[in-house]
Amino acid sequence: MRKHWKLLTALAAVILIIAVAVVLLNPPAPAAKPDDPSSLQASGKFGFPVSGVKIGEGGTKTASDGKTITGYNGSCDSAAQAAANYTHLIEDVNVSTWAQQKKILAEVGKQGPWVGRVSYKGDLLTTAKDLPNGPFDGGWFYRTDVASGGLYRATSCEAKKKAVVQVFFGAVSANVKTAPSAFFQTASFELTWDGDWKISDAAVVQSGQNFGGRVKDGGPVSVGTNMEDEATPVLRDELVNAFFKDVSREGWVEYANAKR
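In short, a report on the structure.

Conventions and cut-offs
Residues numbered from 1 in each chain as written. Predicted model: local features only at pLDDT ≥ 70, side-chain atom pairs only at ≥ 80, totals over all residues. Heavy atoms only, no water. Axes fitted to C-alpha atoms, helices over the stretch in contact; angles between N-to-C directions. Helix = DSSP H or I, 4+ residues; strand = E, 2+ residues; numbered from the N terminus. Parallel < 35°, antiparallel > 145°, perpendicular 65-115°, else oblique. Contact = heavy atoms within 4.5 Å. Pairing = 2+ DSSP bridges. Salt bridge = Lys/Arg side-chain N within 4 Å of Asp/Glu carboxyl O. Buried < 20%, exposed > 50% of the residue type's maximum accessible area, 1.4 Å probe, protein only. Core = buried A, V, L, I, M, F, W, Y, C linked by side-chain atoms within 4.5 Å. Phe/Tyr/Trp six-rings, centres within 6.5 Å; stacked < 30°, edge-to-face > 60°. Lys NZ or Arg CZ within 6 Å of the ring centre and 35° of its normal.

Contact geometry for helix H3 (residues 98-108) and helix H4 (residues 113-127): axes closest at 11 Å, N-to-C directions at 175°. Considering the angle they form, H3 stands roughly antiparallel to H4. In this structure, H3 contributes Trp98, Lys102 and Leu105 to the contact, and H4 contributes Trp114, Val115, Val118, Ser119, Gly122, Asp123 and Thr126.

Another aspect to go through is unusual backbone geometry. With phi around 55°, Lys160 is a residue other than glycine that occupies positive phi space. Its location among the elements puts Lys160 in the loop between strand E7 (151-158) and strand E8 (162-173). Backbone geometry at Phe211 places phi at a positive 55°, although glycine is not the residue there. On the secondary structure map, Phe211 appears in the loop between strand E10 (197-204) and helix H6 (237-243).

With 7 bridges joining them, E7 and E8 adopt antiparallel strand pairing. Of the residues in E8, the one forming a bridge with Ser156 is Val164. Hairpin connection of E7 to E8: 3 residues between the antiparallel strands, including Lys160 at a positive phi of 55°. Pairing of E7 with strand E11 (residues 253-254) involves 2 bridges; the strand directions are antiparallel. Paired with Tyr152 across the bridge in E11 is Val253.

Before going further, it helps to examine the pattern of salt bridges. Pairing is possible between side chains of opposite charge, provided their charged atoms come close. Applying the stated criterion to the full structure yields 14 salt bridges. Residue Glu238 is joined to Arg236 by a salt bridge in which the shortest nitrogen-to-oxygen separation is 2.7 Å. Owing to a relative accessible area of 23%, Arg236 belongs among the partly exposed residues under this scheme. In the salt-bridge network here, residues are joined through shared partners; they are Arg117, Glu190, Asp201 and Arg214.

Bringing the nonpolar core into the picture now. Soluble, globular proteins show a tendency: their nonpolar side chains are buried together. In terms of nonpolar packing, the biggest core is built from 36 residues, with Tyr86, Leu105, Phe189, Leu191 and Ile199 touching the most fellow members. The set of elements that each furnish at least two residues to this core consists of helix H2 (76-91), H3, H4, helix H5 (146-149), E8, strand E9 (181-193) and E10. Broken down by element, this core gets its largest block of residues, 8 residues, from H2. Contact partners of Leu191, with chain neighbours within four places excluded, come to Ala79, Ala82, Ala83, Tyr86, Lys161, Lys162, Ala163, Trp197, Lys198, Ile199 and Ser200.

Okay, the pairing of E8 next. Burial of E8 is extensive: 11 of the 12 residues sit out of reach of the surface. Strand direction decides the pairing type here: strand E6 (residues 140-145) and E8, joined by 4 bridges, are antiparallel. Bridge pairing in E8 places Tyr142 opposite Ser173. The pairing of E8 with E9 spans 12 bridges and is antiparallel. When the bridges of E9 are listed, Lys162 appears paired with Thr192.

Turning to the packing of aromatic side chains, a few remarks are in order. Within the structure shown, the criterion is met by 10 aromatic pairs. On the basis of an interplanar angle of 45° and a centroid distance of 5.5 Å, the ring pair of Phe184 and Phe243 is categorised as tilted. Remark: Phe243 occurs in helix H6 and Phe184 occurs in strand E9; sequence separation between them is 59 residues. The pair Phe184 / Phe243 is uniform in exposure class, with both members buried. Judged by centre distance (6.2 Å) and plane angle (80°), the rings of Phe244 and Trp252 are edge-to-face. Here the basic side chain of Lys121 rests over the ring of Tyr142, its NZ or CZ set 3.8 Å away from the ring centre.

Next comes the structure, spelled out in structure tokens:
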């Protein structure tokens, strides 16, 4: 009997060693982080993965206009939200609110050459006289609808330090014709943490430009694509295919509340 116990004890020891080895050689997979591809939902209507990040959310405060969302927690997801929520500040142009918009841009941004670049269009349109294209719907020259584009690409991010995020948005612009027309464009943001996500650089770049090497390419645009003078930005399969013809789809993700 004693021999049998010795044999059983030896077998148990061998089994224990094998079990430990299996655990060590095959550790459990780490939980997916919010920014990991494995945390994204199945692809959306146009084949891009869908994030849980929503436009119009992410902050706990607003700027002095009572509209622009601020007060982010510094995560990379919140950087993607901040970029979406700041897009109107570098693209919208309305005659009656332009001065306030520039004030808010200063509140959520750090001073630099980029401020003049993104403000030039609005300064020109709101001060020039006898422009060939007049404003629409109460003073609008450009009005964004970020959800109608509804895509973002975080090309780099270190939480509570710095992030580079591109946002693909829809918009409506004044036209030489009587009705305004829709377009789609990509804005690139560099965000720096200073108790909140602050814009430290921004550009609405054309296809082929790479934001000083910080992005893969300038992102999709509707320039050169027949939009049939639509007054409301509506994204469709044929438009997505045309916009991404010469730029990469890699890394682009849908906001959870993109309009589809």
